[in-house]
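The chain contents come next:
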Amino acid sequence: MPKLSQKKCQWNVQPATKEYSAQLPSHPNPRNLQYPPKQTPVEELYRRYKDPHEEMIMAEGMSRLCTDLDVDPQDIVMLVMSWHMKAATMCEFSKQEFFNGLKALKIDSIEKFRSALPSMRSELKDKDKFKEVYNFTFDWAKEKGQKSLQLDTAIGMWQLLFAEMTPKWPYVDQWCEFLEERHKLAIPKDTWNQLLDFVRNVDPSLSNFDEERAWPCLVDDFVDYLKEKGLVQTT
Amino acid sequence: MGAKIIQFDQGWSCLQKGITKLKKILEGAPGGHFSSEEYMALYSTIYNMCSQNSPNYSQQLYEKYGESLTEYIRATVLPSIAENHGEFMLREFVNRWANHKVMVRWLSHFFSYLDRWFVSQKSLPRLKEAGLVVFRECVYEKVKSNVVACVIGFIDKEREGGRIDRGLLKNVVDVFVEVGMGQMGGYEVDFEAEMLADSGEHYSRKAVSWILEDSCPDYMVKAEECLRREKERASHYLHSSSEQKLVEKVQHELLVVHAHQLIDKEHSGFRALIRGDKVEDLSRMFRLYHKIPKGLEPVANVFKQQVTDEGKALVQQAEDAASSQQGSNGAGAEVGLVLIREILELHDKYMAYVTGCFMNHSVFHKALKEAFEVFCNKSVAGISSAELLAGFCDNLLKKGTSEKLSDEIIEETLEKVVVLLAYYSDKDLYAEFCRKKLARRLLFDRSCNEDHEKSFLTKLKQQCGGQFASKMQGMVTDMTLAKDIQTNFEQYLGTNPNVKPGIDLSVTVLKTGCWPNYKSSDLNLPQEMVKCVEVFKGFYDSQTKRRKLAWIYSLGTCNIVGKFEPKPIELVVSTYQAALLLLFNDSDRLSFSEILTQLKLTNEDLVRLLSSLSCAKYKILIKEPNTKTVKPDDNFVFNSMFTDKMRKIRIPLPPMVDEKKKVTEDVDKERKYAIDAALVRIMKSRKVLGHQKLVMECVEMVQSIFKPDIKTIKKRIEDLITRDYLERDHEDSNMFKYVA
């Protein structure tokens, strides 16, 4: 009996605290038996916004984050931020994503966060980064478990992204009208990616559009639409 | 014996005498030949003069040899030719050459010792050769242009119908050849080239006037004759190597230069000849143009145009006929039958020309094929070409067509249809329509002859490959098996009389897979039929293990007797119609909704059924009110007073679904799979491929069955990307890679 209780005592104390400490993320001192342990600034930020039931920052938390950052939730900088976080889905950050993202951005306070926004916004001026963000947007904006992106979400994203792009693509509105009028289906990933190629490489007069190339059918149809409606611009 | 040294002058004077004598002989003086002593004397003199060590006169003698000839030519030969003209000049020319050869021969005999040592020592031409060269340089070169002009003049004279001395011309030509001494350059440059140019001009002039004046057949006859004559001319007095060149020249001037004018002549050209079935003239045209490289192309093009125009006209006729009959049911189908028959006849007609006049030449086969491909694929009255052709076959193979055709004719026609099928681009659509119609023929016993069905499928298989007709063949086999099952069923009933359902029942058991998909709606069967189904099920379960039967009542037929007051009449109706009619055994009058509830059908189906029995030709039921269409608030009464002069009548039920739409949908679906499979197969073997190439190879792979739409291929490629079979190359978005 005494041996057993000894064991029980042994069992309970050290390993128990170790186990408990291990649950605390990136705690500097695992042997520190302060209870509860002191949180890092990032952890504090996370706790402020996280959903009460899930280990995630969800819609409500996101909205509060935006308020604190003094930024509109529709602002494209949120997209850039999500890209840095490698967020899987729009309007939420997993714990991992949030922590890794802030670590990469070297942000540990709301003030630092706020001041990082302008530089994030200007990243879009870089062609390669813009492309990465653009491509990233597809997987981020689509619904979980779906292969394609819902049309209205896609249109919203395109309008958001193309508003930031320079030089401006003159056919943004026509593209969106065309989709609503003629296509009405979800957008596959390949089409999404290829559209940027089209926007960047084919000039507005369509003089260098080669219909023998492997453009997605939707792009071919759009070119036909422009021609049909007499909307093709002459340079 | 000690040889005496011979001094030059001494020796030469002796030789000179010999040479002079020789000249006299050549000039025709009497007493002309050399005795052996004379010969020997001359020979030895030369021998001695050349073999003595010093002074050795080999060199001088060699030169003297040449000089003798040259002198003679200058003095005698050349003037004699130059003095004369025309025929006489030619004769002199020929004779002088002959003489020269003789002179050279004799002289080289005399001087032959030189040939032994001196010539090879000094690498000089041998005596004979040297001698002939003298003629060439001193005579030939000087007179050749006159001679040539003269000869050509004679040739033209003969062409115009004059008589000339062919032998003489031949001799002249021979001189030209011989003077070349093995090389044809002289003949070709000096004579042949001029002759060909002149011939070309001659015929060019002729052609220009003939083409305006003569009809196409007449012109061709003239051309043929000219060619024949030129060939003959060449064989008689030109060098053999000239024949081909001359013929080509003449062909060019007469046939090639004016080819289009000739072939397209308004009232007598190719198209007129076809219209008039002028077989001989057409054959002549083929003969003439066949030998010219690419010569048949213009002819074949006109042929193709002719066939295409005639074919298109037939299609237009059919279209017009159909629209004028607008409103009449099945107008399109009737018109279609006529059209296909006419197209087959057109094919026979033009194929006869191809195998006959045009000697089965591949250029014409190709032209015929391309022409037919243009108009065979046109639709008429909204019916696709594939359906028209399938309808034609159905008509041939089913019972009850108005024309009773012999078995032979049916077989022959089917054979021709299969040949025609090669020109259709939507072969898979055709196959699907055939399958649907075959099913109807087999299931409703409308096929005229099982042998025809089988042989037709065999022919299709031979033409289009094993896969093409495999389902249809399965269907035919199924019918045989079904008959066996039915026989067994009847035996079963014989041995188990207690389970007899009280109605004669025959069931056709089909294997799913090769038959088209049939939907069966849940008809509420009348009691009598329910029993039948149960009995058969019992039998079938006893015969097989783990097979499930799905009953397709929509395909069934029922013979029921209507006990009408005037007289009982046997009605041949569909199972659905029978089920409806049997309801009236229990009530005289039923409303639409009552029937609907009792039978458990859809609204549309019931409207169709009731229309067939109350608004069509035979009014078995009386509809209240007696309007033209069936409405949900109508009532129906059994028409006990119905009668007809026949004892047995068939009441048709128009089909449910727009078959055409379904078939097109099914085929489109199959095509998508076929394209997918082709794309995957190509990418699997190529691993990396550019977009254009991929599309091209895909088209090639499927085109024996159908002509794919490029847009569809593009969409399928996109779909395969989404499904992760393919991906775009990161560097070049126009390249695709296979994802393993």
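About the criteria used
Residues numbered from 1 in each chain as written. Chains lettered and ligands numbered in written order. Predicted model: local features only at pLDDT ≥ 70, side-chain atom pairs only at ≥ 80, totals over all residues. Heavy atoms only, no water. UniProt positions renumbered as here; feature names shortened; annotations may be inferred. Domains from an automatic or database assignment. Contact = heavy atoms within 4.5 Å. Buried area = accessible area lost by both parts, 1.4 Å probe. Salt bridge = Lys/Arg side-chain N within 4 Å of Asp/Glu carboxyl O. Polar contact = N/O pair within 3.5 Å; in protein donor to acceptor, adjacent residues only side chain to side chain. Nonpolar A, V, L, I, M, F, W, Y, C, P; charged D, E, K, R; others polar. Pairing = 2+ DSSP bridges. Helix = DSSP H or I, 4+ residues; strand = E, 2+ residues; numbered from the N terminus. Axes fitted to C-alpha atoms, helices over the stretch in contact; angles between N-to-C directions.

An unreviewed UniProt entry lists chain B under the name Putative cullin protein, neddylation, with Rosa chinensis given as the organism. Taken directly from UniProt, the Sequence similarities (unreviewed entry) text for chain B runs: "Belongs to the cullin family."

Per an unreviewed UniProt entry, chain A goes by Defective in cullin neddylation protein and derives from Rosa chinensis. The Function (unreviewed entry) field of the UniProt record for chain A holds the comment "Neddylation of cullins play an essential role in the regulation of SCF-type complexes activity."

**Student:** How would you sum up the domain arrangement of chain A? Please name residues and give values.
**Tutor:** Accessible area lost on assembly of the parts is the figure often given for the size of an interface. Residues and elements named next belong to chain A. Segmenting chain A into domains produces domain 1 (41-125) and domain 2 (127-229). Computed over C-alpha atoms, the centres of domain 1 and domain 2 are 27 Å apart. On the domain 2 side, the residues contacting the 15 residues of domain 1 number 17 residues. Note on domain 1 versus domain 2: buried area summed over both sides is about 1,600 Å², and carbon and sulfur give 69% of it. If you sort the residues of domain 1 by the area they bury against domain 2, Leu79, Trp83 and Met90 come out on top, with a joint share of 41%. The interface formed by domain 1 and domain 2 contains two salt bridges. With a closest N to O distance of 3.4 Å, Glu123 and Lys129 form a salt bridge. There are five residue pairs in polar contact (both at pLDDT 80 or more) connecting domain 1 and domain 2. Its residues placed into classes, the side of domain 1 that touches domain 2 shows eight nonpolar, three polar and four charged.

**Student:** Go over the pairing of strand S9 (residues 735-738) of chain B, please, and point to the residues and values.
**Tutor:** Bridge count for strand S7 (residues 688-690) of chain B against S9 of chain B is three bridges, and the pairing is antiparallel. By the bridge assignment, Gly690 of chain B is partnered in S9 of chain B with Met735 of chain B.

**Student:** Break down the sheet that holds strand S5 (residues 635-638) of chain B for me, with residues and values.
**Tutor:** Within a beta sheet, neighbouring strands are joined by backbone hydrogen bonds and run either parallel or antiparallel to one another. Residue and element names in this part refer to chain B. As summarised here, the arrangement of the three strands in space is S3-S5-S4, forming an open sheet in which the pairing is antiparallel. Both outer strands of the open sheet, strand S3 (589-591) and strand S4 (621-624), are each paired with one neighbouring strand and no more. For this sheet the average axis-to-axis angle between neighbouring strands, irrespective of direction, equals 25°. Note: S3 against S5, three bridges, orientation antiparallel. Paired with Leu590 across the strands is Phe636, a residue of S5. Along the sheet face, helix H26 (residues 603-614) touches S4 and S5 and points at about 115° away from the line of S4.

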